[in-house]
Each structure stands twice: as C-alpha cells, then as structure tokens.
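# Observations on chain architecture
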Amino acid sequence: MRIGLQTGYWSRTPPHGIEAALVAAEERGLDSVWTAEAYGSDAFTPLAWWGSRTRRLRLGTGIAQMAARTPTATAMQALTLDHLSGGRFVLGLGASGPQVVEGWYGQPYRRPLARTREYVDVVRQVIARERPVTADGDFFRLPLPADAPGATGLGKALKPTVHPFRPEIPIVLAAQGPKNVALAAEIADGWMAGFYAPRTDAEHRERLDTGFAARAPERSAADRFEVLATVPVVVRDDVESAADLMRPHVALYVGGMGSKEANFHKASLDRLGYGSALDEVQDLYLAGRKEDAARAVPTELIEEVALVGPADKVRRDVARWEPTAVTTLLLQGDPASVAAVLS
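Let us look at the structure shown here. (Residues numbered from 1 in each chain as written. Predicted model: local features only at pLDDT ≥ 70, side-chain atom pairs only at ≥ 80, totals over all residues. Heavy atoms only, no water.)

## Remarks on the overall build of the protein
Regarding its fold elements, the protein presents 13 helices and twelve strands. When each of the 343 residues of the protein is scored for burial, the buried share is 50%. For the protein, the separation between the mean place of its 39 positive charges and that of its 42 negative charges on side chains is 5 Å. (Helix = DSSP H or I, 4+ residues; strand = E, 2+ residues; numbered from the N terminus. Buried < 20%, exposed > 50% of the residue type's maximum accessible area, 1.4 Å probe, protein only. Lys, Arg positive; Asp, Glu negative; His and termini not counted. Charge placed at Lys NZ, Arg CZ, Asp CG, Glu CD.)

Printed below as a string of structure tokens:
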C-alpha cells in the first residue's frame, strides 16, 4: 500500500509549511500529493506551485470539480501540468453536490452520473489528440450546433495544439454512493474514497466489482485500478483529545457540506451505522450550534475513518487498511502527526 499526502481545502489563508512537507515526503519515499477545491482555493494552481519543488511525487487533484470547468478546459490544465511535471500528473475529478454546483457555479445538478460519463469522454479525447474533439451528448456538444440558441454556426471541431506528454493521463473519480463507486470502476483509472472504514471493505469491493464487470475491454485491467482513501491523522497523548480535534471536521461534512435533503458525506457515514447520532449532529449544525454538533460526533465513528491517539496506536491502526481494497492511503493532518505515522 502506497502512502500519499492530502493537503485538503484551504481555510481563510493558504496553509503554511506545505512546500517543506512535500520535500520531506519525497525524501521519505512517499508516493503522491493531492489538492482539493470547494468554493475557495482551486486545486490546480497550488499543485503546480508546490509540485515544482518536487521531482518524483505524483501530483493529483483530489478533487477538481467538474462543474468548475468545461471538460476541454480541464483537459488543457491536465495536459499543461503533465508536461510541466514530466508525466507525474493525475487528474482527480468529482461531481461535488447540488449546493455547490447550483449555488456557486450556477448550473443545474441533474443526472451527475451521465454527466460524468460525457465529461470523462471529452477529457480523454483531448488528451489522446487522435482526432478533432466531438461530442453529441445531453450535457456537452462539440462543436456547438449551428441551431443552438445564440450560436453563430462558425464553430468547428478542434484538437489541442499541444501534443500530450503521455497518450493517457490517469483519471480518478471521487465517489461515495454505490452507483458512483461502480461508475468509477467502469470508466476511470481509480476511485478516491472520502470516508473509507476498513470493516466495510467487502461492500466497497462488491461495488467495484459491479463496475469492473461493465468495463470496456480497451480500458486498463482491473488489477491496475487504484483505490485511494483519504484518512485524517491526529496524534495526541490520548484518543479523546485527538478525537476532539477531528469532531469539527466531521460535523462540517455532516451538517455543512450539503443540505438536509442531499448530503452525500452524511449518507456515506450513515451507511456505517451511525445514522441516528449523525441526524443529531446535522440538526445541531443546521441550527447554528456548531460546537454542540461537534461534541455529538461519536468517538467510535472517528476511530473508524481516521487515525487518532498516541503515535504508537496510530502506527498500529494503519495496518487496518492494509488488507482492504485500498492501494494508496492519503494522510491528511498537521506535519507532526503525519511524521509520527511515518516514523
């Protein structure tokens, strides 16, 4: 199992010490670094800036939101970063949720799986550069038809002026729901899991197998498929004090990263059997009682999806992910906590 770093979202300002951490990670032989985006910092710019200090680490967007860019724009950024990094780029994509897609990007959030299929197809066409890019889907039409509202009729099919560094750039899909996970296994080169609890590994494998069964023959074999799990890590003298630092993070995802009617993060954690407890967390958070919401997050839940507690316990707990489908463990935490896991 490979180990990478997940830098996560920026908060009010850029995080400190990332460049030094990445240099140290590369020296330790870590596999990769991943950046995220929501409605603040973007995923591509920090990756290019910080990644320029490295020579071997894979550089991945974890994840870039599809609603933020047209598929051709995303492919342009992927082509550019792959050249600049000497073929180290990995394109992580995600559909996000209706609050962000409709509230931030002003786009309808409908049929995300179908939209993802079309999006990935266009990205792959651009990167392959075998022929001018065309699409005639429900979401993307290239070139825009002459009879489309506002069209001039002058659009033509194009292919990128830049030749790709590689004929394929790995595409990883972030997914939490069963159908989304199966889709990742069917059309992508990897799956990025948000909350991966080792005890539910059999369920994850079943969803992946469903997707592998529908995989096109020309796609890479399933045994080369990558499964990445972001695992927060907080090293402190005891479990409760470490869990206390994780509780606001979980409460944010349960209560603030989606609406009461549609919150994929909460649904993912509900499937672990914490539905009743998380209903309370969500209600408190949506009522503006964020501290109470955080206090209501069960310690048992945190221990399932994160590494918390004294350093020796955290190092032992890493072994829980080793027999799972996870191929790359992405550690997310302060530099001292991450260093403790690796020592």
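## Observations regarding unusual backbone geometry
Omega for the peptide link from Gly62 to Ile63 comes to 10°, which places this bond in the cis form. Examined against the element boundaries, Ile63 turns out to sit in the loop between β3 (58–61) and β4 (64–65). Residue Pro143 is bonded to the preceding Leu142 through a cis peptide linkage, with omega at -10°. Positionally, Pro143 belongs in the loop between β7 (141–142) and β8 (171–174). One non-glycine residue, Arg111, adopts positive backbone phi at about 45°. Assignment of secondary structure puts Arg111 in the loop between α4 (98–103) and α5 (112–128). Its identity is not glycine, yet Arg129 carries a phi of approximately 50°, on the positive side. Tracing the sequence through the fold places Arg129 in the loop between α5 and β6 (135–136).

## Things to note about helix α8 (residues 239–256)
The first and last C-alpha atoms of α8 sit 25 Å apart over 18 residues, in line with the 26 Å expected at 1.5 Å per residue. Residue Leu245 marks the point of greatest curvature in α8, where the axis turns by about 35°; the proline Pro248 follows within four residues. Buried within α8 we find Ala242, Ala243, Met246, Arg247, Val250, Ala251, Tyr253, Val254 and Gly255. Contact partners of the buried residues in α8: β10 (226–235), α9 (264–286), α10 (290–295), α11 (299–305) and β11 (307–309). The N-capping residue of α8, defined by a side-chain oxygen 3.2 Å from the backbone nitrogen of Glu240, is Asp238. Looking one or two residues past α8, Gly258 carries a phi angle of roughly 145°, positive in sign. (Expected span 1.5 Å × (residues − 1). Bend = angle between axes of the 7 residues up to and from the residue. Contact = heavy atoms within 4.5 Å. Polar contact = N/O pair within 3.5 Å; in protein donor to acceptor, adjacent residues only side chain to side chain.)

## Points about the packing of helix α6 (residues 178–187) against helix α7 (residues 201–213)
Relative placement of two packed helices is described by the angle separating their axes and the distance separating the axes. The interhelical angle for the contact between α6 and α7, taken along N-to-C directions, is 45°, at an axis separation of 7 Å. By the criterion of interaxial angle, the relationship of α6 to α7 is oblique. Classified by chirality, the crossing of α7 by α6 is right-handed. Contact with α6, carried on its side by Pro178, Val181, Ala182, Ala185 and Glu186, involves Arg207, Leu208, Thr210, Gly211 and Phe212 of α7 and no other residues of that element. (Axes fitted to C-alpha atoms, helices over the stretch in contact; angles between N-to-C directions. Parallel < 35°, antiparallel > 145°, perpendicular 65-115°, else oblique. Left-handed = near helix turned anticlockwise from the far one by under 90°.)

## A closer look at empty space enclosed by the protein
Inspection of every chain in the model, using the stated rule, returns two cavities of 30 Å³ or more. The calculated volume of the largest cavity comes to roughly 130 Å³. In this structure, the largest cavity is lined by 14 residues; those nearest its centre are Gln176, Phe195, His204, Arg207 and Ser268. Those elements that provide at least two residues to the lining of the largest cavity are β9 (190–193), α7 and α9. The residue inventory of the lining of the largest cavity, partitioned by class, reads six nonpolar, five polar and three charged. What the second largest cavity holds in volume is close to 80 Å³. As for the second largest cavity, its lining consists of Met66, Ala67, Ala95, Val101, Gln107, Pro108, Tyr109, Arg110, Pro112, Arg115 and Thr116. If one sorts the elements of the lining of the second largest cavity by residue count, α5 sits on top with three residues. Among the residues forming the lining of the second largest cavity, the class breakdown is seven nonpolar, two polar and two charged. (1 Å grid on protein atoms, 1.4 Å probe; cavity = no way out; pocket = protein on both sides within 12 Å on 5 of 7 lines; lining within 4 Å. Points joined across faces, edges and corners; volume = space filled by probe spheres on them. Nonpolar A, V, L, I, M, F, W, Y, C, P; charged D, E, K, R; others polar.)

## Overview of the pattern of salt bridges
Taken as a whole and judged by the stated rule, the model has 24 salt bridges. With a shortest N-O distance of 2.9 Å, Arg69 and Glu37 are connected by a salt bridge. Pair noted here: Arg69 is in the loop between β4 and α3 (71–84) and Glu37 is in the loop between β2 (32–35) and α2 (44–51), with a separation of 32 residues, a long-range link. Each member of the pair Arg69 and Glu37 is classed as buried. A single network of salt bridges, built from pairs that share partners, joins Arg2, Asp31, Arg58 and Glu226. (Salt bridge = Lys/Arg side-chain N within 4 Å of Asp/Glu carboxyl O.)

## What to know about the nonpolar core
With 61 residues, the main nonpolar core has Leu91, Leu93, Trp191 and Tyr196 as its most contacted residues. The greatest single-element share of this core, amounting to six residues, is contributed by α5. With near-sequence residues (within four places) excluded, Tyr196 lies in contact with Trp191, Asp201, His204, Val227, Ala229, Glu304, Val305, Trp321, Thr324, Ala325 and Val326. With 26 residues, the next largest nonpolar core counts Tyr274, Leu278, Leu284 and Val305 among its residues. (Core = buried A, V, L, I, M, F, W, Y, C linked by side-chain atoms within 4.5 Å.)

## Regarding the environment of Glu102
Tracing the backbone shows Glu102 in helix α4. With 114 residues separating them in the primary sequence, Glu102 and Ala216 have C-alpha atoms 32 Å apart. Filtering out sequence-adjacent residues up to four positions away, Glu102 remains in contact with Gln107, Pro108 and Tyr109.

## Comments concerning the environment of Ala73
Mapped onto the secondary structure, Ala73 falls in helix α3. Between the C-alpha atom of Ala73 and that of Val100, which follows or precedes it by 27 residues, the distance is 19 Å.

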